[in-house]
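Spelled out from the first residue to the last, the chains are:
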Amino acid sequence: MAFGKGEIIKSPEDKAQYKIVHLPNGLTAVLVHDPQVLSEKEEKSDPSSWLGTSPIRNAAAAMCVGVGSFSDPVDAQGLAHFLEHMLYMGSSGFPGENEFDTYVAMHGGSSNAYTANDCTFHYFEVNGKFLKPSLKRFSQLLTSPLVKAEAVQREIEALDSEFAQALKCDNDRLVQVQCHTAAAGHPLNRFIWGNKETLMAKGVDNIRRELLDFFNEYYVAGHMKLAVIGGESLDMLEEWVMQLFGNVRKDVSQKLTFHNSEALSIWKPGKMYWIAAMKDVHDLILTWPLPFLCTEYLKKPMEYISHLICQQGSGSCLSLLQSKGWATSIAMSTSLQDEIGDGRGFVGYMFQIKIELTISGLQKVLEVIRILYQYIKFLVHVGPQEWIFKELEDIGDLCFTFAEKQSQHEYASHLAKNLLKYPEEHILYGEHAFKIWDPKLISHVLSFLNPNNMRVDIVTKSLNLGSPAIRYEPWFGVPYFIQSIPSSILKGWKCSHFIEAGLHLPHKNNYIPRNFSMRSMDDYGTGNFEIPICINDDQLIKIWYKEDHHVPQATAYFWITFLNRPHYSKIKAIVLTEMYVLLLLDALREMLYQARVAKLNIKIFNVGQCRFELKIWGFSENLPVLTSNILRFLKTFIPAEKQFKMIKEQMKRNYKNMNMNPMTHWEYLISSEFDKKLSCLNSLSLSEIKKHISALFEEVHIEGLCHGKLSKADVTNIADIFKLTFASAIPLQAEICWTKNSLPHGARLIKDTYIKNKTDINSSVEIYFQMGSVSMRTKAMADLFEYIVSEPFYNELRTDEQLGYSVDCGTKVSRDVVGFSFTVKSSKHNPPYLQDRIDAFIARWIQTLEHMSEKEFQYYKSTLLANKLEKRSLEQETYWYWNEILKGTYLFEGYKLEVDELRKLAKLDIVGWCTSHLNPKSADCTRVSIRAWGCNSRQKQNTISTL
C-alpha cells in the first residue's frame, strides 16, 4: 500500500492540505485537498445548483515525466515531442481520438501538454465533480496509449505545422544554432523540435514502433511525478491514485539519478556566433555552463549572482552601458533551460545573460563584453555580501507566505515539477528559500563566469548574408557564421585588473515590506462593501476603492488611467505619448527595478491617441510610497539628448517588428498604422517631445481603482497626492477621447495582406463577426456559443482536417461591440482555402445547434454557469472592475447579471442569434475576413477592400 513520507512545509496562509504518497511501483504523487474545490459527493444533476455561497475552484492534475527532447534517438529526433502529441489520440480504455480533451472541455475544463528538454508535462483542470472520471481517462493516456497507425500520419502534420511556426521565431532559431554547434555526443547536440522529415523517413510502421519503444522505456513509474488537486479528502484522493496509477510499469533501472559533476564541455571556447535575425534586433547572449547545483537550492548562488548582474540601478553594468549609448536592457535569458539533462537525470546548468544592444553597441560588442567582465571582476573584488543575500531571503519568505495561487492546472504542473527538483518537504518552499549563507559557494560559481567557459551569440538583423563565411543550420536554415575571438582580447577580459569608475553595489532596497501585522477592521472603513466605492469623485480625479477581506495575501492593485486632450493628429499623438512613456520608464529605471525585486510590479503604457495607464500591484505596504515617488516624475522629468536618441532607435525597431504576421482583425488594423507611425517618428525632435510632455497634463481626467489590502486612509492619502500633483490641470470630460470600433452594419469585407517577413511560409485567416452592441445578454450568448463550438472547431479543423497547428475561436469584446472570431494559421494552405473550411464549419454547426437535444444544450449551459461562478483571484476581480471603469458602465456586479442572463437563455435564442449573425444570407451578418498571405501561397492576392 502507499505510504506517506515527511511533512510538507507550507505557508500559514495556505488552507489546503497536502500529502506525499509513494506507490509500490515507484511513482511519487503529491495530493492536495483544496476546500474550495467541489467534490464528487455533490450528487446533483444541474451543475449550476452545486454552487452555494462559497466560492469554488476547479480540480486539476499534472504529470511530470522526467524525459524530454534531450533523450530523442539520434535517428528519430523530435520523438519525445511527437509522443506527447500521440498520447492524446486514444487509449485502450477510451479509444476515441481526442476523447480525453473533449471530455474535459465538456465538463468545464481544459487540458494541454508540452515537451521540454528534460521533462514532458501533461496536465488538465476540470469541474471538481468530474475529477475521478477525468483522472481515469488521464491515467489511460499515460499507461495504455493506442498510438494508432492511422493517427500517426495525420498528427505528424500537426507537429510539422508547429515546427513551421517556430521557423521564424528568433529565440527558437538561436536555440537550434546552439544545439547544432554543441559538442557531438552532448545531450544538447540534437534537433529538439522534430518534423516530418526526421520522424517519417522510416515510414509509419517503423515510427509507430519507435514511439511505443520510447514510451515503454521512459514512461515508467520511476520517471513519473504526479500532482492531484481536488475537493475530496486526502485519503480518497490517495485511493484514486492507487487505483488508477498503480499499474504504471515499474522499472527500477530507469529511475532518475542526479549527477554531481562539473560542467560538461559543450562548445569550443573563444568563439562568437553571429546569427541572422528575422526581426530588427541586436541581441548579445552570453552563456556559461555551470556545475550541477540542484542540491544547493537553500544557498541559491545563481540567484544571488544574477540579481547583481541584472540590476538596473546606478552603479550597475547596465547603467554604464546605457551611459555610453550601447545597450537598452540586460536580463537573464530563457533561450535554454537552467538544467541540462536527459532521461538519466540532470548533469549541469546554464547561466545566460541577454543584453539588448543599440546599433552603436553592436559595433562595440567586444567593449560591451569587456564591461560585463569588469562588473564580474568587481563582484569578485568586493566579495559576496550577506546583507544582499538577506534582502533576497526576506523577499523569498514574503513570496512563500503571501503568494497568490496560480490557475489550478499551473499549480498542479508546478508541484509535479518540484517533486523532481526538491526534497519532498520543500516542494512548496524550495524555490523561495534563501536559508544558507555560503560565500565560498558564490565565489566558486562566479569563477565559472570566465572567457574560457563562455559562449557568445549575437542575434542581429545586420548580418552580411553575402559573406563566404556564412553557414546554414540544417533544420531551420538559419544563416550564421563563427568568428574566433583573438587570444589577446580573451586574456584582457580574464586578466585585466582595471575596473571602470562608477560601478558599485545596489543601494539598500527600501521597498521590501517589513510589517505584516493585521490592522483592525476600523482601519478599512466600513469593511463590508462587496463592490468598489468611490472615495474621491470630482471633475478631475475619480478614485474607486475596494478592500478585499477574502484573500490572505498582503497585496493590492492600484491602476490609474489618464485621459488627455489630443493636441496633434492621431498618429503623431500616439507616437509622442509612446515616446513619453518609454522615456519615463527609462528615467524611473532604478526605482522600478528595486520595486520589482521587492515584488512591486509596474506597467506604464500608451492606449490609443489620448490615454495612457499606470498599473502598480504587489505587496501593499510600500505601494503608496512607490505611487507617490512615480507621480513626482510624471510632470517634471526632462529627457536628455542621449536618452532621446536611444529611445527613438528602440521605437524604430519596435515599429518594424510589430505585427509581422497579423492573424486577427485587431492586429490588422494596428499593423496598417505602423508605417505611418515610423514615418512620424523619423521626423520627431527632442524639442517636440519636451513640448508634448509639458502639454500632456494641461487638460486631463484621471480615474483609478485600488483593490486589495490597503486601508481606506491609505487610498485617501494617495488621492490627495494626485490632487496636489495635478492641482493646476483643467478637468477633461472623460468621454471626449473615446472612439467607436464598429463595422458598418451588414458589411462583408475581405482584407488581404502579405506577411511582412518575405520568407514566412505561414498564412492565416481570421473571420470576425460583429454580433451587436455590448450588453449582458449579447455577452452571455457569445460566451455560450464559444463554449459549445470551441472544442469541435479545434478538433475538426486541427485534428481531423489538419489545416494547421493554430486553430482557435472565441468572443471578442471591445468598448462598445461584442464580436466573435474564427482563426486558423497554416503553413500548407492558402487563405481562400482556409476561409472556405471555416465557413463550412460555421454552416455545419448552425445546423448542429438546431438539431441539438434540449438535454445536451442544458448541460452546456449549466456547465458554463458553474465556470462563471468559479472563484476568481484578486487579479481577475481587479480586471473585471477595471474594465467596467474603462467602459464607464460601473457594473461591478456585472458577472452576476451575466449569470442571470445565461440562466434565461433557451436553445432557440442561441439558434436564432447565430442564424442572424453568422449566416451569410442574413441581412444582419456583419463580417470581415483578415487574410494574411505567406510566401508559399500560390494564388493571386485579392483586391484589398477598405472600411
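Remember, it's a predicted structure, so these values are computed and weren't measured experimentally.

**A short note on the overall build of the protein chain**
- The helix and strand inventory of the protein chain stands at 29 helices and 27 strands.
- Scored against the burial criterion, the 947 residues of the protein chain give a buried share of 61%.
- Considering only contacts within the protein chain whose residues lie at least 6 apart along the sequence, 82% involve residues at least 24 apart.
- Summed over its atoms, the accessible surface of the protein chain is roughly 37,000 Å², and 52% of this surface lies on carbon and sulfur atoms.

**Quick word on the pattern of salt bridges**
- Overall, the coordinates contain 48 salt bridges when judged by the stated rule.
- For Lys435, the salt bridge is made with Asp397, and the minimal N-O distance between the two is 3.6 Å. Highlighted residues: Lys435 in the loop between α14 (408–421) and α15 (439–446) and Asp397 in helix α13 (residues 386–402), separated in sequence by 38 residues.
- Lys435 sits in the partly exposed class, given a relative accessible area of 40%.
- Of the charged contacts, one joins Lys677 and Glu578 as a salt bridge, the two residues approaching to 3.0 Å between their closest N and O atoms. Here Lys677, found in helix α21 (residues 665–682), pairs with Glu578, found in helix α17 (residues 570–587); they are 99 residues apart in sequence, far enough to count as distant.
- It is possible to trace a salt-bridge network through shared partners that takes in Glu157, Asp160, Lys196 and Lys828.

**Focus: the environment of Ser11**
- As for its position among the elements, Ser11 is in the segment before β1 (17–22).
- As for Ser11 and Thr401, which are separated by 390 residues in sequence, their C-alpha atoms are 4.9 Å apart.
- Aside from chain neighbours lying at most four places away, what touches Ser11 is Phe400 and Thr401.

**Let's talk about the pairing of strand β3 (residues 59–65)**
- Of all 7 residues in β3, 7 are buried, a share of seventy percent or more.
- Pairing analysis gives 6 bridges linking β3 to strand β6 (residues 224–230), with the strands arranged antiparallel. Paired with Val65 across the two strands is Met224, which belongs to β6.

**Looking at the sheet that holds strand β4 (residues 110–115)**
- Read across the open sheet, the 6 strands follow the order β1-β2-β6-β3-β5-β4; overall the sheet is mixed. Two strands bound the open sheet, and with one partner strand each, they are β1 and β4. Here the strands of the sheet are splayed against their neighbours by 10° on average, with no regard to which way each runs.
- Sitting on the sheet, helix α1 (residues 79–86) touches β4 and β5 (120–126), and the angle it makes with β4 is about 165°.
- Packed onto the sheet, helix α8 (residues 234–245) meets β1, β2 (28–33), β3 and β6 and runs at close to 145° relative to β2.

**Observations regarding the nonpolar core**
- Judged by nonpolar contacts, the single largest core of 127 residues is most densely connected at Leu284, Trp288, Ile309, Phe562, Tyr580, Phe722 and Phe726.
- What Ile309 contacts, discounting residues up to four positions off in sequence, is Ile330, Phe351, Ile353, Leu372, Tyr375, Ile376, Leu379 and Leu449.
- In this structure, Leu31, Ala61, Met63 and Leu199 belong to the second largest nonpolar core, which totals 56 residues.

**Here's the deal with the sheet that holds strand β24 (residues 763–773)**
- Taken in spatial order, the 5 strands of this open sheet run β23-β27-β24-β26-β25, and their pairing is mixed. Both edges of this open sheet fall to β23 (748–754) and β25 (806–813), since each of them pairs with a single strand only. Strand-to-strand twist across the sheet, computed as the mean angle between neighbouring axes with direction ignored, equals 15°.
- Where β25 and strand β26 (residues 817–826) come together, 8 bridges link them in antiparallel fashion. Residue pairing in the sheet places Gly810 in a bridge with Ser821 of β26.
- Set on the sheet, helix α24 (residues 776–800) makes contact with β24, β25 and β26; between it and β25 the angle comes to about 175°.

**What about unusual backbone geometry?**
- A positive phi angle is found at Val147, which is not glycine, with a value near 45°.
- Here Val147 is to be found in the loop between α3 (131–143) and α4 (149–166).
- Phi at Lys599 is positive, roughly 65°, even though this residue is not glycine.
- As for its position among the elements, Lys599 is in the loop between α18 (589–597) and β19 (600–606).

**Details of the packing of helix α25 (residues 831–851) against helix α29 (residues 907–918)**
- Where α25 contacts α29, the two axes come as close as 9 Å, and the packing angle between them is 160°. Comparing the axis directions of α25 and α29 gives the class roughly antiparallel. Of the two possible hands of crossing, α25 and α29 adopt the one that is left-handed. Facing Ile842, Ile846, Leu849, Glu850 and His851 of α25, the residues of α29 in contact are Lys907, Ile910, Val911, Cys914, Thr915 and Leu918.
- Among the residues forming the contact of α25 with α29, the class breakdown is 7 nonpolar, 2 polar and 2 charged.

**So, the environment of Glu197**
- Tracing the backbone through its elements, the reader meets Glu197 in helix α6 (residues 196–200).
- Taking the C-alpha atoms as reference, Glu197 lies 8.8 Å from Asp160; in sequence the two are 37 residues apart.

**A short note on the packing of aromatic side chains**
- Summed over the entire model, instances satisfying the criterion amount to 55 aromatic pairs.
- A centroid spacing of 5.6 Å and a plane angle of 70° characterise the contact between Phe389 and Phe434, whose relative ring orientation is edge-to-face. Highlighted residues: Phe389 in helix α13 and Phe434 in the loop between α14 and α15, separated in sequence by 45 residues. Each of the two residues, Phe389 as well as Phe434, counts as buried.

**Side note on the pairing of β19**
- Across the two faces of β19 the burial differs, with Leu600, Ile602, Ile604 and Asn606 buried and Asn601, Lys603 and Phe605 not buried at all.
- As paired elements, β19 and strand β20 (residues 611–619) share 7 bridges and run antiparallel to each other. Counted as the bridge partner of Lys603 is Lys615 from β20.

**Overview of α8**
- Compared with an ideal rise of 1.5 Å per residue, which puts 12 residues at 16 Å, α8 spans 16 Å between its outermost C-alpha atoms and is within 8% of the ideal.
- Within α8, burial applies to Leu234, Leu237, Glu238, Trp240, Val241, Leu244 and Phe245. Projection of α8 onto a plane perpendicular to its axis shows the buried side chains occupying an angular sector of 160°, all on one side.
- Each element contacted by the buried residues of α8 is listed here: β1, β2, β3, α3 and β6.

**Quick notes on the side chain of Glu210**
- Residue placement: Glu210 occurs in helix α7 (residues 204–218).
- A distance of 2.5 Å separates a polar atom in the side chain of Glu210 from a polar atom in the side chain of Lys202.
- Residues within four places of Glu210 in sequence aside, it is in contact with Pro73, Asp75, Ala76, Leu79 and Lys202.

**What to know about the confidence of the model for the protein chain**
- With 89% of its residues at a pLDDT of at least 70, the protein chain reaches an overall mean of 87.
- A low-confidence stretch, residues 1–5 (pLDDT under 50), is modelled with 14 contacts involving residues beyond four sequence positions or located in other chains.
- Long-range and interchain partners of residues 43–55, a stretch whose pLDDT sits below 50, account for 22 contacts in this model, where long-range means more than four residues apart.

**Digging into the environment of Ala598**
- For Ala598, the location among the structural elements is in the loop between α18 and β19.
- Exposure remark for Ala598: the relative accessible area of 1% places this residue in the buried category.
- In the structure, Ala598 is positioned 206 residues away from Leu392 in sequence and 8.7 Å away in space, judged by C-alpha atoms.
- Setting aside chain neighbours within four positions, we find Ala598 in contact with Ile395, Asn509, Tyr511, Ile512, Pro513 and Phe619.

**Side note on the state of the cysteines**
- Scanning all chains against the criterion turns up 0 disulfides.
- Unpaired in this structure, Cys119 has its nearest cysteine sulfur neighbour in Cys64, at a distance of 3.9 Å.

What counts, and where the lines are drawn
- Residues numbered from 1 in each chain as written.
- Predicted model: local features only at pLDDT ≥ 70, side-chain atom pairs only at ≥ 80, totals over all residues.
- Heavy atoms only, no water.
- Helix = DSSP H or I, 4+ residues; strand = E, 2+ residues; numbered from the N terminus.
- Buried < 20%, exposed > 50% of the residue type's maximum accessible area, 1.4 Å probe, protein only.
- Contact = heavy atoms within 4.5 Å.
- Areas by Shrake-Rupley, 256 points an atom, 1.4 Å probe, with all protein chains shown as cover.
- Salt bridge = Lys/Arg side-chain N within 4 Å of Asp/Glu carboxyl O.
- Pairing = 2+ DSSP bridges.
- Axes fitted to C-alpha atoms, helices over the stretch in contact; angles between N-to-C directions.
- Core = buried A, V, L, I, M, F, W, Y, C linked by side-chain atoms within 4.5 Å.
- Parallel < 35°, antiparallel > 145°, perpendicular 65-115°, else oblique.
- Left-handed = near helix turned anticlockwise from the far one by under 90°.
- Nonpolar A, V, L, I, M, F, W, Y, C, P; charged D, E, K, R; others polar.
- Phe/Tyr/Trp six-rings, centres within 6.5 Å; stacked < 30°, edge-to-face > 60°.
- Expected span 1.5 Å × (residues − 1).
- Arc of directions from axis to C-beta.
- Polar contact = N/O pair within 3.5 Å; in protein donor to acceptor, adjacent residues only side chain to side chain.
- pLDDT = per-residue confidence, 0-100.
- Disulfide = S-S within 2.5 Å.

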